[in-house]
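Residue-level structure breakdown
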Amino acid sequence: MAEKSGRNVLVAIDQSTSAFTALDRALAMLGDEDHLYILSVALDGGNHMVVAPYLTNTMWESVREKVHSEAKNSLCRAGRICLERGFEKPRFTLAISNANHAGEAICDYAKEHHIDHVIMGRRGMSTLQRVVMGSTSKYVMENCNADVTICKPPQTDSKAQTGFRSEHQKVEMEE
């Protein structure tokens, strides 16, 4: 059996800034033999009578179409970024997964495509939001068979955000 050359790297993409930060990091680390897979998950939502019983079938279809359109737009934007950075089409693959659970879809895709490394963004939700909605990045970290890197959203000056600033000093060892 021939030795595999290069890695298969998956970036999970949505419209968030942290997802495109993950794409930037992936593009910066890819070697010449690596293949990049970019996956956008269009959440299906399941049965609308359970999720949102007040919506008519027509309204629910409209919501699903919008979600799919947003996933496709994110992929198109990611593809343009790859081309602008000099990555030709054979070196990257764009895919949409329609699923009820984004984390499961990412893990399944990684397994099916023999992904070595998943890179994804983190939305930066509050503790309450994570408890109520769940964390896709946490799910993937705990359940994916590939290495996983989570990219935080870009931050401005930490002092401006927290009011505190850490200062680090070099310490010399005494002899």
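Above: the structure in question.
Calculation notes
- Residues numbered from 1 in each chain as written.
- Predicted model: local features only at pLDDT ≥ 70, side-chain atom pairs only at ≥ 80, totals over all residues.
- Heavy atoms only, no water.
- Core = buried A, V, L, I, M, F, W, Y, C linked by side-chain atoms within 4.5 Å.
- Buried < 20%, exposed > 50% of the residue type's maximum accessible area, 1.4 Å probe, protein only.
- Helix = DSSP H or I, 4+ residues; strand = E, 2+ residues; numbered from the N terminus.
- Contact = heavy atoms within 4.5 Å.
- Pairing = 2+ DSSP bridges.
- Axes fitted to C-alpha atoms, helices over the stretch in contact; angles between N-to-C directions.
- Parallel < 35°, antiparallel > 145°, perpendicular 65-115°, else oblique.
- Left-handed = near helix turned anticlockwise from the far one by under 90°.
- Nonpolar A, V, L, I, M, F, W, Y, C, P; charged D, E, K, R; others polar.
- Disulfide = S-S within 2.5 Å.
- Salt bridge = Lys/Arg side-chain N within 4 Å of Asp/Glu carboxyl O.
- Phe/Tyr/Trp six-rings, centres within 6.5 Å; stacked < 30°, edge-to-face > 60°.
- Lys NZ or Arg CZ within 6 Å of the ring centre and 35° of its normal.
- Polar contact = N/O pair within 3.5 Å; in protein donor to acceptor, adjacent residues only side chain to side chain.

1. With respect to the nonpolar core
If you look at the biggest cluster of nonpolar residues, it comprises 20 residues, and the most contacted ones within it are V11, I13, L23, L27, L36, I38 and C82. Mapped by element, the contributors of at least two residues to this core are strand 1 (8-12), helix 1 (17-29), strand 2 (35-43) and helix 3 (57-84). With 6 residues, the single largest contributor to this core is helix 1. Sequence-distant contacts of L23, that is, excluding residues within four places in its chain, are made with V11, I13, L36, I38, A78, I81 and C82. With 19 residues, the next largest nonpolar core counts L10, A12, Y37 and M120 among its residues.

2. Some words on the sheet that holds strand 2
Pairing in this open sheet of 5 strands is parallel, and the strands run 3-2-1-4-5 from one edge to the other. At either end of the open sheet lies a strand with only one pairing partner, and these are strand 3 (92-99) and strand 5 (147-151). Recorded for the sheet is a direction-independent mean angle of 20° between the axes of neighbouring strands. With 5 bridges joining them, strand 4 (residues 117-121) and strand 5 adopt parallel strand pairing. Its bridge partner being in strand 5, G121 is matched across the sheet by C151.

3. Structural notes on the packing of helix 1 against helix 3
Packed helices, taken two at a time, are described by the angle between their axes plus the distance between the axes. The interhelical angle for the contact between helix 1 and helix 3, taken along N-to-C directions, is 30°, at an axis separation of 11 Å. In terms of axis orientation, helix 1 runs roughly parallel to helix 3. For the pair helix 1 and helix 3, the sense of crossing is right-handed. Contact residues: F20, L23 and L27 in helix 1; S74, R77, A78, I81 and C82 in helix 3. Here the residues of the contact of helix 1 with helix 3 are counted per class, giving 6 nonpolar, 1 polar and 1 charged.

4. Describing the state of the cysteines
Within this structure, the stated rule accounts for 0 disulfides. The cysteine C144 is free of any disulfide, with C107 supplying the nearest cysteine sulfur at 4.5 Å.

5. So, the pattern of salt bridges
Taken as a whole and assessed by the stated rule, the structure comprises 5 salt bridges. Close ionic contact of R7 with D34 constitutes a salt bridge, the shortest N to O distance being 2.8 Å. Taken together, the residues span a long stretch of sequence, with R7 in the segment before strand 1 and D34 in the loop between helix 1 and strand 2 at a distance of 27 residues. A relative accessible area of 30% places R7 in the partly exposed class. The class of D34 is buried, set by a relative accessible area of 8%.

6. Digging into the packing of aromatic side chains
Tallying each qualifying case throughout the model produces 1 aromatic pair. Here the aromatic rings of Y37 and Y109 are separated by 6.2 Å at their centres, their planes lie at 70°, and the arrangement is edge-to-face. Of the two residues, Y37 sits in strand 2 while Y109 sits in helix 4 (residues 102-112), which places them 72 residues apart along the sequence. When its relative accessible area of 13% is taken as the criterion, Y37 is described as buried. The aromatic ring of F20 is capped on one face by R77, whose charged end is 3.7 Å from the ring centroid.

7. Focus: the side chain of N8
With respect to the helices and strands, the residue N8 is situated in strand 1. Judged by relative accessible area, which is 15%, N8 ranks as buried. Within polar-contact distance, the side chain of N8 engages the backbone oxygen of H114 at 3.1 Å.

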